[in-house]
Amino acid sequence: VCLKLPCSQENQYNLIRNRYYGCEIVMGNLEITQIESNWDFSFLKRIREVTGYVLIAMNHFQEIPLGQLRVIRGNSLYERRFALSIFLNYPKDGSNGLQQLGLANLTEILEGGVQIINNKYLSYGPWIFWQDIVRDSSAPIDIKYNGKKGHYWSAILTKTVCAPQCNSRCFGTSPRDCCHIECAAGCKGPQDVDCFACRHFNDSGACVPQCPRALIYNKQTFQMETNPNAKYQYGSICVSQCPSDSCVSACPSDKMEVEKEGQRKCELCSGLCPKVCEGTGAEDRQTVDSSNINSFINCTKIQGSLHFLVTGIMGDDFRNIPPLDAKKLEVFRTVREITGVLTQSDVFPFESSFSPLFILQPSNESHFSLTVMRVPTLTSLGLHSLKEISDGSMYISLNSNLCYHHTVNWTKLFRGLISAVLTQFCDVVAEGHVCDPLCSDAGCWGPGPEQCLSCRNYSRDGTCVHSCNFYNGAPREFAGPDGECTACHPECKTQSGKVTCTGLGSDDCVACASFQDGPFCMSSCPTGINDGQKGLIFKYPDRKGHCQPCHHNCTQG
């Protein structure tokens, strides 16, 4: 918007014309400023709704052709106060200027007030009964320093003349002449399809409080289910297809791309979002080192290989690369997959509580997927989350203090034929390098119950345990099919002397801690949830804590 002189008349007009030509609904603000009297504004005649504010300032024309404008939503306000602001619409010298607003059909301003000041020749419009148009009775109405008082605009009154029984607008004075509560700007009848404009959203001609949601409440199953008739919210309109300017080229950092029913959507990640990162091995990226370590932050998949060479760990004077801080190797705790090879020559950073799954494949230059050699400080591999080596072989040799690898049944890790080179020896008994008693006979990657390949009894968060919290301890647990201790649903009521739940869901509880809706334990009964039939579900808890439906005429619970 141009409010400072000088402004190019032609550029300003073309900017306004290109922005609003052919519009019926303006998504944002309508701003008409710094225009003289000899320009054609007929392209504004079709506008019937503005979602932001309307600003008409410092113009010289006599009338603004906004005769079809019915509603200003005021989602954004001029100077944070006004939905309609009209000022200084006359030239410093001369007799031209704004004489009438031409807002014959404007009957609703949903948010914000009105400012009409310093319009020297404006005699019609300031004297409108704005209290009938402005919904918020506390909104400012600032009208002063305009032309001589003319006649009141013969606008249709749709609020102040209504019967007390009406909740919003009306089309007559009788109690039977109330508009639907979702109407804005008035109506021609009592139904939600009779509105001149919608207070919230327009769904195929009917005014509704919200667009059909992606999930709806199924009264038979007591669960939220996918809505086949879901729509997107685009301004104040419900649309079935994603508008191009509401789409994104990439998902936000806390969401990931998924494909459902032929459409790609962004959904919240459960935990860390998948992130693919470039590996090492290229000429300018031969090893993990202090210059590239930060590029592996939050990586879940390495596209290529990972090399931990001495020149990366200890630093490279020739390339002016300082030594790598061992603490920074923690970034690799999030890695779940490597598409290439893993070569290590100093430290092994993959001991993780995130349960990474490494799928390793050999490069074209080497048939080894896993190489560990000449690391005198290495006592155990610590690969307790490694589940599979897809292809290639392994080479483990010349690590003078390495143990525990001999307990691993490597054949179960390789998908193809195994070709291993193991030239490692360890005095197991003398050094005490034996697997924890909680480990099964499958072996272990190192000392402690968290390094077992599998557990003799149960496991919790990757660590083998003697028993789950079936009858005591917090939180109460059940055992999954693989012996994994899993917490009961938070809405399960803790039991004494018997199990609290039999599964993961809120319908697997023995008893509910709060309320019960059908077979499901809930923190509260459903309130204001869409049922997919243009209705909202409200329930209340009875004396037993069971959720019961409110009467169908209840609208607030």
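It should be emphasised that the depicted structure is a prediction, and the values quoted were computed from it without experimental measurement. (Residues numbered from 1 in each chain as written. Predicted model: local features only at pLDDT ≥ 70, side-chain atom pairs only at ≥ 80, totals over all residues. Heavy atoms only, no water.)

A.B. asks: Can you tell me about the packing of aromatic side chains, naming the residues and giving the values?
C.D. replies: Across all of its chains, the model carries 13 aromatic pairs by this definition. Ring centres of Tyr 13 and Phe 43 lie 6.1 Å apart, and the angle between their planes is 70 degrees; this geometry places the pair in the edge-to-face category. Of this pair, Tyr 13 sits in helix H1 (residues 9-20) while Phe 43 sits in the loop between strand E2 (30-33) and strand E3 (49-50); the two residues are 30 residues apart in sequence, bridging distant segments of the chain. Judged by relative accessible area, which is 8%, Tyr 13 ranks as buried. Ring plane angle 35 degrees and centroid distance 5.7 Å describe the contact between Phe 41 and Phe 43, whose orientation is recorded as tilted. Neither Phe 41 nor Phe 43 differs from the other in exposure class; each is buried. A network of ring pairs unites the aromatic residues Tyr 13, Trp 39, Phe 41, Phe 43 and Phe 61 as a single cluster. (Phe/Tyr/Trp six-rings, centres within 6.5 Å; stacked < 30°, edge-to-face > 60°. Helix = DSSP H or I, 4+ residues; strand = E, 2+ residues; numbered from the N terminus. Buried < 20%, exposed > 50% of the residue type's maximum accessible area, 1.4 Å probe, protein only.)

A.B. asks: Account for the sheet that holds strand E38 (residues 547-549), naming residues and giving values.
C.D. replies: Taken in spatial order, the three strands line up as E36-E37-E38 in an open sheet, and their pairing is antiparallel. Edge positions in the sheet fall to strand E36 (527-530) and E38, since each has one partner strand and no second. Taken pair by pair, the neighbouring strands of this sheet meet at an average axis angle of 40 degrees, ignoring direction. Bridge analysis of strand E37 (residues 536-541) against E38 gives three bridges, and the strand direction is antiparallel. By the bridge assignment for E38, Lys 539 is matched with Pro 549. (Pairing = 2+ DSSP bridges. Axes fitted to C-alpha atoms, helices over the stretch in contact; angles between N-to-C directions.)

A.B. asks: Describe the environment of Tyr 90, and please don't skip the residues or the numbers.
C.D. replies: With respect to the element layout, Tyr 90 can be found in the loop between strand E6 (82-87) and strand E7 (108-109). As for Tyr 90 and Leu 122, which are separated by 32 residues in sequence, their C-alpha atoms are 9.2 Å apart. Once you skip the residues sitting within four places of it in the chain, Tyr 90 turns out to touch Asn 59, His 60, Asn 96, Gly 97, Asn 118, Asn 119, Lys 120 and Tyr 121. (Contact = heavy atoms within 4.5 Å.)

A.B. asks: Before we move on, can you summarise the pairing of strand E14 (residues 215-218) with the specific residues and values?
C.D. replies: By the bridge criterion, four bridges tie E14 to strand E15 (residues 223-226) in an arrangement that is antiparallel. Pairing of Asn 218 across the sheet is with Gln 223, part of E15. Hairpin geometry of E14 and E15 is characterised by an intervening segment of four residues between the two adjacent antiparallel strands and by a positive phi of about 60 degrees at Phe 222.

A.B. asks: Describe the confidence of the model for the chain, naming the residues involved and giving the relevant values.
C.D. replies: Averaged over all residues, the pLDDT of the chain is 86; the fraction at 70 or higher stands at 88%. Note that pLDDT drops below 50 for residues 346-359; the model gives that stretch 57 contacts with residues more than four away or on any other chain. (pLDDT = per-residue confidence, 0-100.)

A.B. asks: How would you sum up the pattern of salt bridges? Please name residues and give values.
C.D. replies: Opposite charge on two side chains makes pairing possible when the charged atoms of those side chains draw close. All told, the structure shown has 16 salt bridges when counted by the stated rule. The residue Glu 49 makes a salt bridge to Arg 73 at a minimum N-O spacing of 2.7 Å. In this pair, Glu 49 sits in strand E3 while Arg 73 sits in the loop between strand E5 (71-72) and E6, placing the two residues 24 residues apart along the sequence. For Arg 73, a relative accessible area of 4% corresponds to the buried category. Arg 169 is the salt-bridge partner of Asp 132, the closest N and O atoms lying 3.7 Å from each other. One end of the pair, Asp 132, is in the loop between strand E8 (113-119) and strand E9 (141-146); the other, Arg 169, is in the loop between E9 and strand E10 (183-187), with 37 residues separating them in the sequence. (Salt bridge = Lys/Arg side-chain N within 4 Å of Asp/Glu carboxyl O.)

A.B. asks: Would you mind going over the state of the cysteines in detail, with residue names and values included?
C.D. replies: What makes a disulfide is a covalent bond joining the sulfur atoms belonging to two cysteines. Across all of its chains, the model carries 17 disulfides by this definition. The disulfide that involves Cys 435 links it to Cys 444, with 2.1 Å between the sulfurs. Disulfide Cys 435-Cys 444: the torsion about the S-S bond is -85 degrees, which places it as left-handed. Cysteine Cys 550 is unpaired, with the sulfur of Cys 554 as its nearest cysteine sulfur at 5.1 Å. (Disulfide = S-S within 2.5 Å.)

A.B. asks: Summarise H1; cite the residues concerned and give the values.
C.D. replies: If you check H1, its first and last C-alpha atoms are 17 Å apart, about what twelve residues at 1.5 Å a residue would give, namely 16 Å. Regarding H1, the residues found buried are Gln 9, Gln 12, Tyr 13, Ile 16 and Tyr 20. What you see down the axis of H1 is that its buried residues fit within an arc of 95 degrees, all on one side. Within H1, the exposed residues directed more than 90 degrees away from the buried face are Glu 10, Asn 11 and Asn 18. Taken together, the buried residues of H1 touch strand E1 (25-26) and E2. (Expected span 1.5 Å × (residues − 1). Arc of directions from axis to C-beta.)

A.B. asks: Run through the environment of Ser 440, naming residues and quoting values.
C.D. replies: Inspection of the secondary structure assignment puts Ser 440 in the loop between helix H3 (428-431) and strand E30 (458-460). Owing to a relative accessible area of 16%, Ser 440 belongs among the buried residues under this scheme. Between the C-alpha atoms of Ser 440 and Cys 455, which are 15 residues apart in sequence, the distance is 4.9 Å. Discounting residues that sit within four places of it in the chain, Ser 440 has contacts with Ser 454, Cys 455 and Arg 456.

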